[in-house]
Amino acid sequence: MSVRLDTKAPERYQELLNKYDTWMFDCDGVLWHGDRLIDGAVEVLHILRSQKKRVLFVTNNATKSRRNYKKKFDGLGIEAHVDEVFGSAYAAAVYLSSVLNFPMDKRVYVIGMSGLEDELRSEGISFIGGTDPADNTLSAPGEIPPDPSVGAVLVGLDTSINYTKLSRAFRYLHSNPECVFLATNDDSTFPSEKGLLPGAGAILAPLLTALGPNRPATAIGKPNSTMLDAIKAKHDFDPERTIMVGDRLNTDIKFGKAGGLATLLVLTGITSEENLTGPSPSTIVPDYVTASIGDLRAAVAS
Ligand SMILES: O=C(O)[C@H](O)[C@H](O)COP(=O)(O)O
Ligand SMILES: [Mg+2]
């Protein structure tokens, strides 16, 4: 059973602040919708820092690199440092370099955007595809010969997805069983400022369909432990005194629970009250629920 927090009981928020030293924040649907801040996000992060809490940002959004995010945070007036930001693009690049020890003479075929390319570059991983204009075309694909130098296919959110990219990825995976199939994340939807849109999982799905059930992809982002491993490689924290704040049950909350962290769900993104108390409530139960990150301001009002 989740503890339902309400600003009519402000002291409960200060209790939460006293109980946890490390606060991991999801981004889309918690801090912002696209470039539109959620009310109270800046103040709450400021309160946490003033109370000497460690603040980390853990996002499945692979369209930006940590450096891109730093610029976005600066632009929105949120204090943040590059080593506090953990995106699925970064985690995927680290997974290739440090877990798979991806060979230097191989390349990754990328379906994704510039943020993903930046993180691969920063890990010394060579790649093709991605934002390459040759692939960003609406014309039908030409000949796609198998290419043994493609050692992996990596799929992330790509708002310029097309048949050529899907065909190249399919060919490299279908023609070479050794070619590693990775996804930054598989969120089905994306809470943008223009409303709910298809997520990275919807970009991945056509490939999974074409390749069939015996050729699954390894997803790196939340709820997978690969994301927590990337954080643990950079930060020591006590899981008992750490809380994950998110808007999505099957990524953020599941990630927190799997990592032995406390979990706080906000209702400003993907998850609605219906998902919690409707006719078929989710089996993923957060420790705490509150309407919005802004509610945490009540902590200093109490
Ligand atoms: O489709 C996606 O990639 C996700 O919807 C999006 O990126 C989620 O980002 P997060 O909520 O983890 O910040
Ligand atoms: Mg989110």
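Residues numbered from 1 in each chain as written. Chains lettered and ligands numbered in written order. Predicted model: local features only at pLDDT ≥ 70, side-chain atom pairs only at ≥ 80, totals over all residues. Heavy atoms only, no water.

- As named in an unreviewed UniProt entry, the protein is 4-nitrophenylphosphatase, taken from Russula ochroleuca.
- Looking at the Catalytic activity (unreviewed entry) heading of the UniProt record, one finds this comment for the protein: "4-nitrophenyl phosphate + H2O = 4-nitrophenol + phosphate + H(+)". (UniProt positions renumbered as here; feature names shortened; annotations may be inferred.)

### So, helix α4 (residues 88-99)
Working step 1: Most of α4 sits inside the fold, with 10 of its 12 residues counted as buried.
Working step 2: Taken as a whole, α4 has its buried residues at Ser 88, Ala 89, Tyr 90, Ala 91, Ala 92, Ala 93, Val 94, Tyr 95, Leu 96 and Ser 97.
Working step 3: After α4 finishes, the residue Asn 101 shows a positive phi value of roughly 45°. (Buried < 20%, exposed > 50% of the residue type's maximum accessible area, 1.4 Å probe, protein only. Helix = DSSP H or I, 4+ residues; strand = E, 2+ residues; numbered from the N terminus.)

### Describing the site of ligand 1
Working step 1: Asp 26, Thr 59, Asn 60, Thr 189 and Ala 200 are the nearest of the 15 residues found near ligand 1.
Working step 2: A distance of 2.7 Å is found between an oxygen atom of ligand 1 and a side-chain nitrogen or oxygen belonging to Asp 26.
Working step 3: Within the backbone of Ala 200, one N or O atom sits 2.8 Å away from an oxygen atom of ligand 1.
Working step 4: Within the complex, 98% of the 350 Å² of free accessible area of ligand 1 lies under protein.
Working step 5: According to the grid-proximity analysis, the pocket containing ligand 1 is the largest cavity.
Working step 6: Looking at the shell around ligand 1 element by element, the count peaks at three residues for strand β11 (residues 189-192).
Working step 7: Tallied by class, residues from the shell around ligand 1 come to four nonpolar, six polar and five charged.
Working step 8: Each of domain 1 (3-60 + 223-301) and domain 2 (99-219) contributes no fewer than three residues to the shell around ligand 1. (Near = heavy atom within 4 Å. Polar contact = N/O pair within 3.5 Å; in protein donor to acceptor, adjacent residues only side chain to side chain. Areas by Shrake-Rupley, 256 points an atom, 1.4 Å probe, with all protein chains shown as cover. 1 Å grid on protein atoms, 1.4 Å probe; cavity = no way out; pocket = protein on both sides within 12 Å on 5 of 7 lines; lining within 4 Å. Sits in = over half its atoms within 2 Å of the grid points. Nonpolar A, V, L, I, M, F, W, Y, C, P; charged D, E, K, R; others polar. Domains from an automatic or database assignment.)

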